[in-house]
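# Topology and contacts: notes
For reference, the chains in residue letters:
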Amino acid sequence: MQSFRFSAEPLPAEAEAARAAVRVFLDAELAAGHFVPHRTSWTTFDAGFSRRAGAAGFIGLTMPEAYGGHERSGLVRFVVTEEMLAAGAPCGAHWISDRQSGPQILRHGSEAAKRAILPRICRGECAFGIGMSEPNSGSDLAAVRTRAARDGDDWLINGSKIWTTNAHQVDYLLALVRTGEPGPDRHGGLTQFIIDMAAPGVTVRPILDLSGHHEFNEVFFTDYRVPDAMMVGAEGEGWGLVTEELAFERSGPDRFLSDYRLLVELVDRIGPEPDRFQAVETGRMVAQLTALLGMSASVARLLDKGVVPGVEAALVKDVGNSFERAVPEIARRLVPVEPSLTAQGEPFREALGGVTLRAPSFTLRGGTREVLRGVIARGLGLR
């Protein structure tokens, strides 16, 4: 049976130095009134903040200098990410491009795509969305039906994607489409393409969430034309590449820090003299959070070594989502107040209201828990 590859090594000095530097940057941003702490930090879209973060050197940390990056370790990026989420910084305009699309293009994109896109990502000037999920297929990526057909030196794409975060604001999607037959394991015939959202043939329609907020979208492709240079990897390699990409998507601190601001507000609301029940429950949550931070940092080390830790990433997301789902429920038990979306001057109630509405999605985005547990079981040799 395969074991998990989690380590408990301390963070290197360069990572702690980066922590101090990004805290200075975030304190200055807050003091200047550029943002207030957001409860949906990594999906809150603020192009101005991303440009300033890029100019300050906090985006593209692991990218080569030849493409505008800083050639730092994945652990440095992990620390910067952790601090931005903890501060509630509005990271949505650079989040996906910096977390997964940029690294995917660096590893498998054409030289033309790298030169055109990666420096803009590092400057915080290029936003990406994820073009994986489709209507009626849930988390089953092998059921992708959006199809690309070769037309000379280009490809014509027809089909649709759904639940695409910030598709109405991003510059590109990295889309998984079908270019051939699935084969016996259903994983064949899939290819990734870089989709220019400003080009003809792309239509975006909003999907409003329970609070009326516009973050999700449907995306439709009608004879959308994409050149060979915007293919990622080779034709038919999409399944392997998207599995690799999901290791970046599933293992980061965003998978357990989505409602961190609620935890902060909860501790502030309880105050310095918690009762016994409050002390036990908040202590348990802090212990779980500490363990998750260690697991996520360990995955960052593996990625630095060129390992694709699909099973470890799935475990981080599964355990992290359980933590995220529990925080608002525990908060409601510890401080029995009505959650609200408009309770100005009552940050705990406002944070509780927003998280309560979003919490059901935590175990869906990035792969449902059922899919993740299948990945874990397969990696352990149990299926």
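Everything numeric here is computed off the predicted structure, so don't read it as measured data. (Residues numbered from 1 in each chain as written. Predicted model: local features only at pLDDT ≥ 70, side-chain atom pairs only at ≥ 80, totals over all residues. Heavy atoms only, no water.)

### What to know about the overall build of the chain
Per the secondary structure count, the chain includes 11 helices and 8 strands. Compactness check: the chain gives a C-alpha radius of gyration of 21 Å against a globular reference of 21 Å for 383 residues, within 12% of the reference. Seen through its C-alpha atoms, the chain measures out along the principal axes to roughly 70 × 45 × 45 Å. Restricting to contacts in the chain with at least 6 residues of sequence separation, those with at least 24 account for 74%. The positive charge centre, built from 41 side chains, and the negative charge centre, built from 48, are 3 Å apart in the chain. (Helix = DSSP H or I, 4+ residues; strand = E, 2+ residues; numbered from the N terminus. Rg over C-alpha atoms; globule rule 2.2 N^0.38 Å. Contact = heavy atoms within 4.5 Å. Lys, Arg positive; Asp, Glu negative; His and termini not counted. Charge placed at Lys NZ, Arg CZ, Asp CG, Glu CD.)

### Notes on the pairing of strand E3 (residues 154-161)
In terms of strand pairing, strand E2 (residues 147-151) meets E3 through 5 bridges, oriented antiparallel. Across the sheet, residue Ala-148 finds its bridge partner in E3, namely Ile-157. As consecutive antiparallel partners, E2 and E3 are separated by 2 residues, and within that stretch Gly-152 has a phi angle of approximately 70 degrees, a positive value. Here 7 bridges tie E3 to strand E7 (residues 214-227), and the two strands are oriented antiparallel to one another. Its bridge partner lying in E7, Trp-155 is registered against Val-226. (Pairing = 2+ DSSP bridges.)

### What to know about the packing of helix H4 (residues 95-108) against helix H6 (residues 238-251)
Where H4 contacts H6, the two axes come as close as 9 Å, and the packing angle between them is 140 degrees. On the basis of the axis angle, H4 is oblique to H6. Handedness of the H4/H6 crossing: right-handed. Taken together, the residues of H6 that come into contact with H4 (itself represented by Arg-99, Gln-100, Pro-103, Gln-104, Arg-107 and His-108) are Leu-241, Val-242, Glu-244, Glu-245, Phe-248 and Glu-249. Split by residue class, the contact of H4 with H6 holds 4 nonpolar, 3 polar and 5 charged. (Axes fitted to C-alpha atoms, helices over the stretch in contact; angles between N-to-C directions. Parallel < 35°, antiparallel > 145°, perpendicular 65-115°, else oblique. Left-handed = near helix turned anticlockwise from the far one by under 90°. Nonpolar A, V, L, I, M, F, W, Y, C, P; charged D, E, K, R; others polar.)

### Details of the packing of aromatic side chains
As enumerated under the stated definition, the model contains 8 aromatic pairs in all. Pairing Trp-155 with Phe-193 gives two aromatic rings, centres 5.6 Å apart and planes at 55 degrees, and the pair type is tilted. Here Trp-155 is found in strand E3, whereas its partner Phe-193 is found in strand E5 (residues 190-196), with 38 residues between them in sequence. The residues Trp-155 and Phe-193 share a single accessibility class, namely buried. Note on Phe-221 and Tyr-224: the rings are 6.3 Å apart at their centroids and 55 degrees apart in plane angle, and the pair reads as tilted. Across the pair, exposure class does not vary: Phe-221 and Tyr-224 are buried alike. Pairwise contacts between aromatic rings join Phe-25, Phe-35, Phe-49 and Phe-58 into one cluster. The ring of Phe-220 has Arg-205 sitting right over it, with the charged end atom 4.5 Å from the ring centre. (Phe/Tyr/Trp six-rings, centres within 6.5 Å; stacked < 30°, edge-to-face > 60°. Buried < 20%, exposed > 50% of the residue type's maximum accessible area, 1.4 Å probe, protein only. Lys NZ or Arg CZ within 6 Å of the ring centre and 35° of its normal.)

### A word on the pairing of strand E4 (residues 172-178)
Burial analysis of E4 places 7 of its 7 residues in the buried class, which makes it a mostly covered element. The alternating pattern of E4 places Tyr-172, Leu-174, Leu-176 and Arg-178 and Leu-173, Ala-175 and Val-177 on opposite faces, both of which are buried. For E4 and E5, the ladder comprises 7 bridges, and the chain directions are antiparallel. Looking across to E5, one finds that Leu-174 is bridged to Ile-194.

### So, the state of the cysteines
Linking two cysteines covalently via their sulfur atoms produces the bond known as a disulfide. Throughout the structure, instances matching the rule amount to 0 disulfides. Cys-122 supplies the cysteine sulfur nearest to Cys-91, a cysteine that is in no disulfide, at a spacing of 16 Å. With no disulfide partner, Cys-126 has as its closest neighbouring cysteine sulfur the one in Cys-122, 10 Å distant. (Disulfide = S-S within 2.5 Å.)

### Comments concerning the pattern of salt bridges
Applying the stated criterion across every chain yields a total of 21 salt bridges. As a salt-bridge pair, Glu-14 and Arg-72 come within 3.6 Å of each other at their nearest N and O atoms. With Glu-14 in helix H1 (residues 13-31) and Arg-72 in the loop between helix H2 (47-55) and helix H3 (74-87), this pair connects stretches of sequence that are 58 residues apart. Assessed through its relative accessible area of 34%, Glu-14 is described here as partly exposed. Here Asp-154 makes a salt bridge to Arg-225, at a shortest N to O gap of 3.3 Å. Remark: Arg-225 occurs in strand E7 and Asp-154 occurs in strand E3; sequence separation between them is 71 residues. The partly exposed category is assigned to Arg-225, whose relative accessible area is 40%. (Salt bridge = Lys/Arg side-chain N within 4 Å of Asp/Glu carboxyl O.)

### Some words on the domain arrangement of the chain
Taken domain by domain, the chain holds domain 1 (11-125), domain 2 (128-237) and domain 3 (250-378). The gap between the C-alpha centroids of domain 1 and domain 2 is 25 Å. When domain 1 packs against domain 2, close to 1400 Å² is buried across both sides, 63% of that on carbon and sulfur atoms. The largest contributions to the domain 1 side of the interface with domain 2 come from Thr-43, Phe-45 and Ile-96, which together make up 32% of the buried area. If you look at where domain 1 meets domain 2, you find 0 salt bridges. (Domains from an automatic or database assignment. Buried area = accessible area lost by both parts, 1.4 Å probe.)

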